[in-house]
Amino acid sequence: MKIKKLFFVCWLLVMVACSPAPQEPLPQQGQDEQVSQNGEVQQDEQDQQVEETGNGIEIALVVSHGGINDGSFNQGSWEGMVAFANSHNVSAAHFTPAEFTDAGYIAAIELAVQAGANIVLTPGFTFAHAIYSAQDIFPGVYFAIFDELPSNPQTWEPRIEQNTVAVTYAEEQAGFLAGFAVVMEGHRQLGFIGGMPMPPVVRFGHGFVLGAEYAATTLGLDPGAVTIMYHYAMTFEPAPEVQTLAAAWFNAGTEVIFAAAGGAGAAVMAAAEAQDGLVVGVDSDQANDSPTVITSALKGVAVSVYNILVDYFEGQFPGGTVLTFGADTYGVGLSMETSRFENFTNEQYLEIFDRITEIPIAVSVDQAAGDIPLIYVTVIVV
């Protein structure tokens with residue numbers, strides 16, 4: 001019997017899987033594994049429960065900073081892996097490196113391989129250099145890196161071997177949906193704070209600008225009716241200066257800030273809470289992180305993890321390739337079920353979502369946001 005992939009629309013609407021639910025509960029806050037003083041990884045009780053569904057470890061997830069409860073790529077990858085493992089009787093475990101460096105990631109991968117893992121999942125751009133090396137060090141092991149390409153540590157030149165697949169996402173579509181939604185909601189003074197000008201972050205930001213432009217066109221607004229403050233914080237940490245900048249923007253009239261900045265988004269949320277502003281979250285549904293989160297621009301990490309595992313176990317692992325998950329495969333979207341929209345409806349969302357692949361969203365990561373040709377939106381780069 002063939003294993004079915006998940007493309008489930010309901011993930012985008014209610015953030016629950018349509019496949020059989022995991023037999024074990026997902027971990028709660030603080031239930032991550034512990035790293036001993038000598039650097040060895042100790043798997044937590046949840047991993048041991050998952051392992052009992054099979055004969056030894058077959059799948060491993062190596063997580064980056066933040067652990068499996070980070071509310072972002074680690075957690076999405078963990079949920080996708082657990083859903084697959086428990087519903088298909090496959091054993092799995094996750095590992096946290098003793099240190100979050102290339103060497104630390106490779107050491108954790110080695111522990112996973114020694115534990116019997118045949119396929120290793122690595123979420124996030126921090127694994128780019130480690131997987132570049134690991135795909136050669138462990139030629140008999142399969143790797144899936146999410147949101148980045150395996151890249152040379154010196155030149156950043158990508159190289160993907162046949163035992164590796166790189167999964168990327170159409171961030172420009174997710175950003176477009178967010179920009180479209182907040183303008184349709186009625187907001188005209190917007191902001192974008194990205195962590196660093198890396199391709200995924202740039203695509204989020206440019207898509208946000210173009211979505212706002214498209215909504216303004218749809219509504220027949222006057223030229224220049226929408227203003228977007230635009231800034232790269234050069235950090236993914238909740239730095240005080242990020243909160244200070246966001247607070248200044250809110251004080252000056254900015255209504256909504258799209259924070260595509262990882263942990264720095266917490267600083268934007270803190271500013272929004274103090275200044276009665278609103279925030280668009282990123283990657284996963286961040287509605288529970290702050291009452292100021294009006295919606296989140298989602299990446300279907302759990303979906304893509306699940307589907308890559310389907311490919312692997314059916315003997316169709318897409319090694320040596322880059323796969324992009326977009327709206328057509330339900331790889332991006334907005335968190336509408338938990339959104340705090342008052343005017344923008346689910347019907348409007350579904351209409352634009354169904355048409356987004358037909359809308360030309362021309363994004364160049366080499367182009368500055370201020371150079372995007374616009375009529376209704378004014379971008380102010382800070």
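Residues numbered from 1 in each chain as written. Predicted model: local features only at pLDDT ≥ 70, side-chain atom pairs only at ≥ 80, totals over all residues. Heavy atoms only, no water.

Caption draft 1: Examining the pattern of salt bridges more closely. Under the criterion given, the structure shown has seven salt bridges. Ionic pairing is found between Glu171 and Arg203, a salt bridge with its closest N-O pair at 2.8 Å. On the criterion of sequence distance, the pair formed by Glu171 in helix α6 (residues 171-185) and Arg203 in helix α7 (residues 199-219) is long-range, its members being 32 residues apart. Residues Glu171 and Arg203 agree in their burial class; the two are buried. In this structure, the salt-bridge partner of Glu172 is Arg203, at a minimum N-O distance of 3.9 Å. In this pair, Glu172 sits in helix α6 while Arg203 sits in helix α7, placing the two residues 31 residues apart along the sequence. (Salt bridge = Lys/Arg side-chain N within 4 Å of Asp/Glu carboxyl O. Helix = DSSP H or I, 4+ residues; strand = E, 2+ residues; numbered from the N terminus. Buried < 20%, exposed > 50% of the residue type's maximum accessible area, 1.4 Å probe, protein only.)

Caption draft 2: Examining the environment of Phe84 more closely. Tracing the backbone shows Phe84 in helix α3 (residues 73-87). Separated by 219 residues in the primary sequence, Phe84 and Val303 have C-alpha atoms spaced 10.0 Å apart.

Caption draft 3: The arrangement of the packing of aromatic side chains in detail. Tallied over the entire structure, the rule returns 23 aromatic pairs. Considering the side-chain rings of Phe204 and Phe258, the 5.6 Å spacing of their centres and the 85° angle between planes classify their relative orientation as edge-to-face. Taken as a pair, Phe204 in helix α7 and Phe258 in strand β10 (residues 256-260) lie far apart in primary sequence, 54 residues in all. When sorted by exposure, Phe204 lands in the same class as Phe258, which is buried. Ring geometry for Phe341 versus Phe344: centroids 5.3 Å apart, planes at 75°, classification edge-to-face. In this structure, Phe341 and Phe344 share a single accessibility class: buried. Among the aromatic residues, those joined into a cluster by ring pairs are Phe84, Tyr142, Tyr306, Tyr312, Phe313 and Phe317. A cation sits over an aromatic face here: Arg159 above Tyr132, 4.2 Å from the ring centre. (Phe/Tyr/Trp six-rings, centres within 6.5 Å; stacked < 30°, edge-to-face > 60°. Lys NZ or Arg CZ within 6 Å of the ring centre and 35° of its normal.)

Such coordinate-based values are descriptive only and should not be taken to indicate function.
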